[in-house]
Every structure is written in structure tokens, then in C-alpha cells.
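These are the residues of each chain, in order.
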Amino acid sequence: MQTKTSFAAETKTKGFLSVTDNKDGYSFLYPFGWQEVVVEGQDKVFKDVVEPLENVSINVIPTTKQNIRDFGSPEQVAETLLKEVLASSSQKTKLLEVTERDAEGKTYYAFEFITQAPNFTRHALASVCIGNGKFYTLTTGANERRWQKMKDRLHTVVNSFQIFNV
């Protein structure tokens, strides 16, 4: 039995930890060893203490939309989020790939992108979905120089993201 008063439960899964937020209605996996940190404006953030660009964050904001498709195509949503939310105006961005999937009656858009700042390049993945009157954005990534080493783990993170009714 799940209780709506518990905010997060963590369990171990083959090199990953699972976090479930029963208040906001989402769950995802993140690599073992990453630490939770508090970042203003984010619902949850976990990051590698040695490689701070290796992290996962989730943002939850209210919406009146019922489905992510109400905002447009996967490409339109990805481009808008890159321009307005996921990168600062001083960063160059490049959208690499966009996918759409349906799971348990919910539509998820996922995309891969690169953000380039003056002193680093970050390769990232994001997944967005709508449910519970909320717009969910999960983002994970790594420094470009570590992308090849981290990409399978980061794909596991983004593919594990799911929302559920609360």
C-alpha cells in the first residue's frame, strides 16, 4: 500500500538507486554514488560529487494541459525547452534526437541535446510528460568528454522516468 504522505522512498537496483516521490507522482533511477543536493527551483537533484556536470534533476510545474502533445510536436517542445528553460541564453544548443513513447496511458517526449558554454560542453538527455495537473521535466547529462563512458547509464536514468496518478 502506498501512502501519499511519504515524500520519497529509495531502493537499490543494479548500480542504480530508485527514487519515488508519492507526493508529486514520479519515479526514476539514478547511478549509485550520486548525492542528493538542494537546488532552488528543482524538485530533486542528484549529482556526482567528483563530476558535477553528471547529474539528474526533475522540475515539476503546474499546468492546465492534459497531454504533452497539447504543447506541440516532440521537436517543437524540445526546441522551446532548450531555448527557454534548459540552457542559458549565453549557451549554444544543438538538438540531436527526439523520440516519443507512450506508457500506461501517458505520452513522454525524450530528447538528446548538447549545450556549449564558454568553459564546457554538456551532453544531455531529457524526458517530459504531463500528469496530475503538472508538467514534469527530467534532465540528466555529463560533460562531453565523459559522454561515451556515461551515456548508457544516463539513458537508463531517462528511460526509467515515469509518472503515476496521485
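What counts and how
- Residues numbered from 1 in each chain as written.
- Predicted model: local features only at pLDDT ≥ 70, side-chain atom pairs only at ≥ 80, totals over all residues.
- Heavy atoms only, no water.
- 1 Å grid on protein atoms, 1.4 Å probe; cavity = no way out; pocket = protein on both sides within 12 Å on 5 of 7 lines; lining within 4 Å.
- Points joined across faces, edges and corners; volume = space filled by probe spheres on them.
- Helix = DSSP H or I, 4+ residues; strand = E, 2+ residues; numbered from the N terminus.
- Nonpolar A, V, L, I, M, F, W, Y, C, P; charged D, E, K, R; others polar.
- Phe/Tyr/Trp six-rings, centres within 6.5 Å; stacked < 30°, edge-to-face > 60°.
- Buried < 20%, exposed > 50% of the residue type's maximum accessible area, 1.4 Å probe, protein only.
- UniProt positions renumbered as here; feature names shortened; annotations may be inferred.

Looking at empty space enclosed by the protein
Any empty space left between atoms is shown by rolling a water-sized probe over those atoms.
Okay, step 1: Per the stated rule, a full pass over the model turns up 1 cavity of 30 Å³ or more.
Okay, step 2: The calculated volume of the largest cavity comes to roughly 30 Å³.
Okay, step 3: In terms of lining residues, the largest cavity is bounded by Ala103, Glu104, Lys106, Tyr108, Gln162 and Ile163.
Okay, step 4: Taken together, the elements giving at least two residues each to the lining of the largest cavity come down to strand E8 (106-116) and strand E11 (162-163).
Okay, step 5: In the lining of the largest cavity, the residues fall into 3 nonpolar, 1 polar and 2 charged.

Focus on the packing of aromatic side chains
Okay, step 1: On inspection of all chains with the given rule, the structure shows 9 aromatic pairs.
Okay, step 2: Between Tyr26 and Phe28, the ring centres sit 6.1 Å apart and the planes meet at 15°, which makes this aromatic pair stacked.
Okay, step 3: Seen in terms of ring centroids, Tyr108 and Phe161 are 6.0 Å apart; in terms of plane orientation they differ by 85°. Their pairing is edge-to-face. Here Tyr108, found in strand E8, pairs with Phe161, found in the loop between helix H2 (147-160) and E11; they are 53 residues apart in sequence, far enough to count as distant. Exposure class is identical for Tyr108 and Phe161. Each is buried.

So, the UniProt feature "domain: PsbP C-terminal" (unreviewed entry) in the protein chain
Okay, step 1: Those residues carrying the UniProt feature "domain: PsbP C-terminal" (unreviewed entry) are residues 14-163 in this numbering.
Okay, step 2: Helix makes up 18% of residues 14-163 and strand 49%, and the two end C-alpha atoms of the span are 21 Å apart.

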